[in-house]
Amino acid sequence: MTKRVYNFSAGPAVLPVEVLEEARENLLSLGDTGVGIMEHSHRGKAFVAVYEEAVSLCRELAAIPDNYHVLFLQGGASSQFFMLPMNFLPKDGTADYLVTGSWAKKAVAEAQRFGNVHVAGSSQDRNFCYIPSDCSYSDDAVYTHYMSNNTIFGTQFATVPDVACKTLVCDMSSDIFSRPIDVSKFGVIYAGAQKNLGPSGVTLVIIRDDLVQQGPTDIPTMLQYRTHADNDSMFNTPPTFGIYIMGLIFKWIKARGGLAAVGEQNRDKAGKLYTYLDHSRLFNGTADLESRSQMNVTFVTGDANLDAKFISQSEAAGFSGLKGHRSVGGMRASLYNAFPTDGVDALIEFMKRFEAEQG
């Protein structure tokens, strides 16, 4: 069997080994059904049981209130960039957006196709290295949208922003279920699964029922949230394998003590690496102290050639995915739920040796 390396990829990202091993067994036969998980009909009893358990565990972990729907959609989080305003932003309405990175800018561009977008806060002036605190919200915003974590720039909201609008929408793609969450503060939460929840191809949407009911009926059927809420995410064939893996990961999180325990583990992992960076003479973190992400630690040496040397040597040493996003360069260590603590320790030791070799 090929030896697994430490996978720091920002997504698709590392999955728990226990989950992969269980999935491997069920590829040939889900339990004693004699049919593999990817071969089961989405309307058959075997898969319906998988789906129902995934929804139940999702609700349990996040204490999701009864007036919220749990949906498994397709098209990635990027499809939510236009599906949200298509459902909730009238042409004469205004939505507030907080712009904290490249993906937030893309969300704004999609929303502008449907109505007025007011940028209530932005950190673009310093290349998105911080979370803006001086925000100006609209008095009549239909909803306020933000992204809780930014993979490219390594920043994260430490707390839920205090906004005037009663409908808060959050893209949690890169930190969902990495810490406790109060779902009742949000109208909509959405997240691509490929960082903390499972494989690429599934988008988790948690949406309040009153929003589902108020959505328009004159837009394409597949783009109405009510379509998926009324059909238990099975209006058409859903991404069955992805839902199955998400269910296994929900069980894995529960077995590790739930979101509070996982959140503490994530703080400890990131804290180790940030402590090293703060004392390093060679490496420097790129995000402001109070805005640092626990999921994506971004850093540089200040010399692009030296960064390239570090990335090359780290790959040879068994550390995969440390190259920063192509738009910013540098390095990025993604420490999602499934990333092991010993991988952080090993990276720090490697960085110490690399630093010492530079003199």
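The structure we're discussing is the one just above.
Residues numbered from 1 in each chain as written. Predicted model: local features only at pLDDT ≥ 70, side-chain atom pairs only at ≥ 80, totals over all residues. Heavy atoms only, no water.

Novice: I would appreciate a short explanation of the layout of surface pockets in the present structure.
Specialist: Rolled over the atoms, a probe sized like a water molecule indicates the empty space that remains. Looking at the largest pocket, its volume works out to about 580 Å³. For the largest pocket, the lining is made up of 31 residues, of which W103, T151, S173, Q194 and K195 are closest to its centre. It is helix α3 (residues 76-88) that provides the largest number of residues to the lining of the largest pocket, a total of 4 residues. Considering only residue class, the lining of the largest pocket consists of 9 nonpolar, 17 polar and 5 charged. (1 Å grid on protein atoms, 1.4 Å probe; cavity = no way out; pocket = protein on both sides within 12 Å on 5 of 7 lines; lining within 4 Å. Points joined across faces, edges and corners; volume = space filled by probe spheres on them. Helix = DSSP H or I, 4+ residues; strand = E, 2+ residues; numbered from the N terminus. Nonpolar A, V, L, I, M, F, W, Y, C, P; charged D, E, K, R; others polar.)

Novice: Even after reading the chapter, I still don't get the side chain of H145, so can you show me in this structure?
Specialist: Tracing the backbone shows H145 in strand β5 (residues 144-147). Judged by its relative accessible area of 1%, H145 is buried. Setting aside anything within four residues of it in sequence, one finds H145 in contact with L84, D96, Y97, L98, A107, V169, D171 and Y190. (Buried < 20%, exposed > 50% of the residue type's maximum accessible area, 1.4 Å probe, protein only. Contact = heavy atoms within 4.5 Å.)

Novice: How do you make sense of the pairing of strand β14 (residues 331-334) when you look at a structure like this?
Specialist: Along any regular strand, the residues point their side chains to alternate faces of the sheet. By the alternation rule, side chains of β14 split into M331 and A333 and R332 and S334, which are all buried. Sheet topology places strand β12 (residues 296-300) next to β14; 4 bridges connect them, and they run antiparallel. Bridge pairing in β14 links V297 to A333. (Pairing = 2+ DSSP bridges.)

Novice: Would you explain the sheet that holds strand β3 (residues 94-99) in this entry?
Specialist: What holds strands together in a sheet is hydrogen bonding between their backbones, with the strands either parallel or antiparallel. Spatially, 7 strands are ordered β2-β10-β9-β8-β5-β3-β4 in an open sheet, and the strand pairing comes out mixed. Only two strands of the sheet have a single partner each, and these edge strands are β2 (68-73) and β4 (116-122). Each neighbouring strand pair of the sheet contributes to a mean axis angle of 15°, computed without reference to strand direction. Sheet topology note: the β2/strand β10 (residues 203-208) ladder contains 6 bridges and is antiparallel. Across the sheet, the residue bridging to V70 is I206, located in β10. Running over the sheet, α3 touches β2, β5, β8 (168-171), β9 (188-192) and β10 and is turned about 155° from β9. Those strands touched by helix α4 (residues 102-111) are β3, β4 and β5, and its axis lies near 165° from that of β3. (Axes fitted to C-alpha atoms, helices over the stretch in contact; angles between N-to-C directions.)

Novice: Where do I start with helix α2 (residues 45-62) in this structure?
Specialist: Within an α-helix, residues lying three or four positions from one another point in the same direction, as the helix has 3.6 residues per turn. An ideal rise of 1.5 Å per residue puts 26 Å on 18 residues; α2 measures up with 26 Å between its terminal C-alpha atoms. Among all positions in α2, only F47, V50, Y51, A54, V55, L57, C58, L61 and A62 are buried. Here the buried residues of α2 occupy an arc of 165° about the axis, which is enough to place them on one side. In the core, the buried residues of α2 are packed alongside β2, β10, α7 (240-255) and α8 (258-279). (Expected span 1.5 Å × (residues − 1). Arc of directions from axis to C-beta.)

Novice: Where do I start with the sheet that holds β12 in this structure?
Specialist: Strand order in the open sheet formed by 3 strands is β11-β12-β14, and the pairing between neighbours is antiparallel. Each edge of the open sheet is held by one strand with a lone partner, namely β11 (284-285) and β14. In terms of strand pairing, β11 meets β12 through 2 bridges, oriented antiparallel. Pairing of N284 across the sheet is with V300, part of β12.

Novice: It is not clear to me how the packing of α8 against helix α10 (residues 341-357) should be interpreted in this structure. Could you clarify?
Specialist: In a pair of packed helices, the angle between the axes and the distance between the axes together describe the arrangement. Contact geometry for α8 and α10: axes closest at 9 Å, N-to-C directions at 10°. When the interaxial angle is binned, α8 and α10 end up roughly parallel. Residues K269, K272, L273, Y276 and L277 of α8 form the contact with α10, whose own contacting residues are T341, V344, D345, L347, I348, M351, K352 and E355. Residues of the contact of α8 with α10, tallied by class, amount to 7 nonpolar, 1 polar and 5 charged. (Parallel < 35°, antiparallel > 145°, perpendicular 65-115°, else oblique.)

Novice: Is there a simple way to think about the side chain of D96 in this case?
Specialist: Along the polypeptide, D96 turns up in strand β3. Despite its burial, D96 pairs with no opposite charge, the nearest such side chain being K166 at 15 Å. Filtering out sequence-adjacent residues up to four positions away, D96 remains in contact with H118, A120, Y137, S138, A141, Y143, T144 and H145. (Lys, Arg positive; Asp, Glu negative; His and termini not counted. Salt bridge = Lys/Arg side-chain N within 4 Å of Asp/Glu carboxyl O.)

Novice: Help me understand the packing of aromatic side chains in this model?
Specialist: Aromatic rings considered in pairs are described by the distance between their centres and by the relative angle of their planes. Inspection of every chain in the model, using the stated rule, returns 20 aromatic pairs. Where F310 meets F350, the ring centres are 5.6 Å apart and the plane angle is 50°; that geometry is what we call tilted. Placement of the pair is F310 in helix α9 (residues 304-316) and F350 in helix α10, with a sequence separation of 40 residues. Given the relative accessible area of 0%, F310 is considered buried. Judged by relative accessible area, F350 falls into the buried class, the value being 7%. Here the aromatic cluster, defined as three or more aromatic residues joined through ring pairs, consists of Y6, F8, Y276, F283, F299, F310, F319, F339, F350 and F354. (Phe/Tyr/Trp six-rings, centres within 6.5 Å; stacked < 30°, edge-to-face > 60°.)

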